[in-house]
Amino acid sequence: MSASHEEILAAWTAEHGGEDGLLAGLRREPALLAGLRHELAIDALLHLAHARPDGDLAERVMCGLPTRSRRLRIADRVMDRLPGRQPSRLPRLRLLAAAALVLLLGAAAWIARAGTAPPAPVARIVAAGPDAVVRRDGASRPAVAGAGLHAGDLLVAGGQEVATIELLAPDGSGAGRLHCLHGATLDMPRPSSQGALGLLAGTLRAEIPPRPPGEPLVIATPAAEAVILGTVFDLRADADGTLLGVLSGSVRLQRDGRELVVAAGETAQADPDRFAVLAPRDLLPDATAGLPGARGGDWRIVGAGAERRLVQADAAAPQAAIDLLPIARGESVLITGRMRLLAVPGTDGDALGLCIGNERWLASAAWLHHLDRDPAQYPTPWIAFRVLVRRGGDGSLLAEWHSWRQDRPMQPLLHLTHRPQPRPDAYRFGVLATRAPVELADLQVRSLAP
Amino acid sequence: MTDNPLPPSGRDAGLVQRILAGEREAYRELVLAHQLMLLSYAAHHLGDRALVDEVVQETFITAYGQLDRFRPDGDFAAWLRTLCRYAILTALKREVRERRHRDRFRQEIDRLLATARLDALDETAPAEPLQALRACLGELPEPAAELVRRRYGAGESAVSIAAQQGRTATAVTTALHRLRQALRRCIEQRLGAA
């Protein structure tokens, strides 16, 4: 950044009441932002207009052009051996030659591999849905329970079901489980990645037993690396960055030489704007106190203190709901708790859900389905849930839901991600029940901030 | 710096043919013929001199690698601008990714600017704002012209100019700010009229 560039920013900062005032103005007024952009462009043009009249750029471009002495590539070497080289078609021929070389090398590797024992798998598939696949050597094959995963394999979990794999130690013993959720793409470790698993996209839940000293498991995402010594956590990677939620133990999150230690109950975010542990701040310190926004049904608070629960016992009410809180733009909210059905629901469909929406539409919802008609099956087991809602400054909303049975905590029941288009509407988070006597406990609603 | 008027397309096509026939040095002529146009185009979008330079270099190097795809009857300058647009887009995305090392205020400013620039990339940018700027500079009254020469020609800082003129640095910075705004209006008028 040039000195005049700095001066321009300093002038704008002074003119708009300091850094905070300038940032607020630029965010609020597109015309102001365009004004700053244009002034910086004029500044660059002024520098250009006063630059030295020489062929400096041309020299640098010529130096940067590929030659045989610089950037000597495989294709160049191949081309050097070809008779009757035609400069006019050089780039295309180089491409063809490179492709041919890749094919030759691939064939040689295949022949070499055919004569040796196959390498030991680094993981084994425990369970996978019908649409989960393993990509190996450019081909896709169904992910089948019991099949081994080798270095360089890509596991792509199906859209609906969880794919679970068991990591294998060099001696073949189990080294922890990974539940790959909803389209997660997992890159099995290659020698070049120094043993790191790659989560290229999506979410996984990891259950990793304590590791030998000095041998942490590393899971690399495009935005950061998670270093695991023995813990249970959720890790998500997408175009916006990486999100790590630790359920037990602790995980070190690293990026560009910086490190965060994320403890149980904490969530950390790594994206271009932020590399920090998000500090939860209670939005509803007592989420059920006073039942704000309750309508329909018979909502009651039962018990006290840690035993406090929220019960809706009116199975006759077609729809009973509670609006719990609004979700502001730019805010990240984490909602956790557990829920269950108390008796046979009066509906064949959805019975209890958590929802994000408003008066006009439902933006995102997770439902507890339980269609067992045998009264002996009630109350149902507790279903734990963890919902992360992130609203962008433009009104967009990312809602990510996880739920799992508490008697089988590591077998997720549901994973949903909703990303509706940006809308100006206000969103609220609430609970919705249809003809179902239901119970909620341990409801916590927290705002996440760095 | 001398102006390099856009060469006729026939000349560009001839140069391209010579390069494809193996005369690598002919590419220097093409770069010299189009460098100001491309620098000007990139500066209009980027507003950061170092980044402009880098993007234009990358564009020329990319163009060399794809020279056999250029149609002999095509407009070489327009083809370069298309390649440059992609280079700008890549640079802006890279800038967004790399800003993590800067302080929070600068990070946020860069993020907002990168977003605004990405949006503006959809607009059709004029190919020659530099020529318009030069014409506008020629119309400046002498005190303003001297200020521009000292700041951009001699590279003096606002503090240094202020000390020599017996003014405050803020006054010089403000004067330059107003000058740039006036120049922007002048350039827009000229480009609009053209």
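Residues numbered from 1 in each chain as written. Chains lettered and ligands numbered in written order. Predicted model: local features only at pLDDT ≥ 70, side-chain atom pairs only at ≥ 80, totals over all residues. Heavy atoms only, no water.

This part covers the overall build of chain B. Looking only at helices and strands, one finds nine helices and zero strands in chain B. The linear arrangement of helices and strands in chain B, starting from the amino end, is α-α-α-α-α-α-α-α-α. Looking at chain B residue by residue over its 194 residues, the buried ones come to 51%. Counting only contacts in chain B whose residues sit at least 6 apart along the sequence, the fraction spanning at least 24 positions is 65%. (Helix = DSSP H or I, 4+ residues; strand = E, 2+ residues; numbered from the N terminus. Buried < 20%, exposed > 50% of the residue type's maximum accessible area, 1.4 Å probe, protein only. Contact = heavy atoms within 4.5 Å.)

Residues and elements named next belong to chain A. Averaged over every residue, the pLDDT of chain A is 72; residues scoring 70 or more account for 69%. Summarising per-element confidence for chain A, the mean pLDDT is lowest in helix α5 (residues 74-81) (35) and highest in strand β4 (residues 148-149) (91). Across residues 67-95, confidence stays below pLDDT 50; counting only partners more than four residues off in sequence or on other chains, it has 35 contacts. (pLDDT = per-residue confidence, 0-100.)

Residues and elements named next belong to chain A. Direction of pairing for strand β13 (residues 250-255) relative to strand β14 (residues 258-263): antiparallel, over a ladder of six bridges. Across the sheet, the residue bridging to Q254 is E259, located in β14. Adjacent in sequence and paired antiparallel, β13 and β14 are bridged by two residues, among which D256 carries a positive phi angle near 50°. (Pairing = 2+ DSSP bridges.)

All names here are of chain B. Tallied over the full model, the rule gives 19 salt bridges over all chains. A salt bridge links E23 to R18, with the nearest nitrogen and oxygen atoms 2.7 Å apart. What makes R18 partly exposed here is its relative accessible area of 32%. As a salt-bridge pair, E146 and R150 come within 3.7 Å of each other at their nearest N and O atoms. Taken together, the residues span about one helical turn, with E146 and R150 both in helix α7 (residues 142-153) at a distance of four residues. Accessibility expressed as a relative area gives 32% for E146, which makes it partly exposed. (Salt bridge = Lys/Arg side-chain N within 4 Å of Asp/Glu carboxyl O.)

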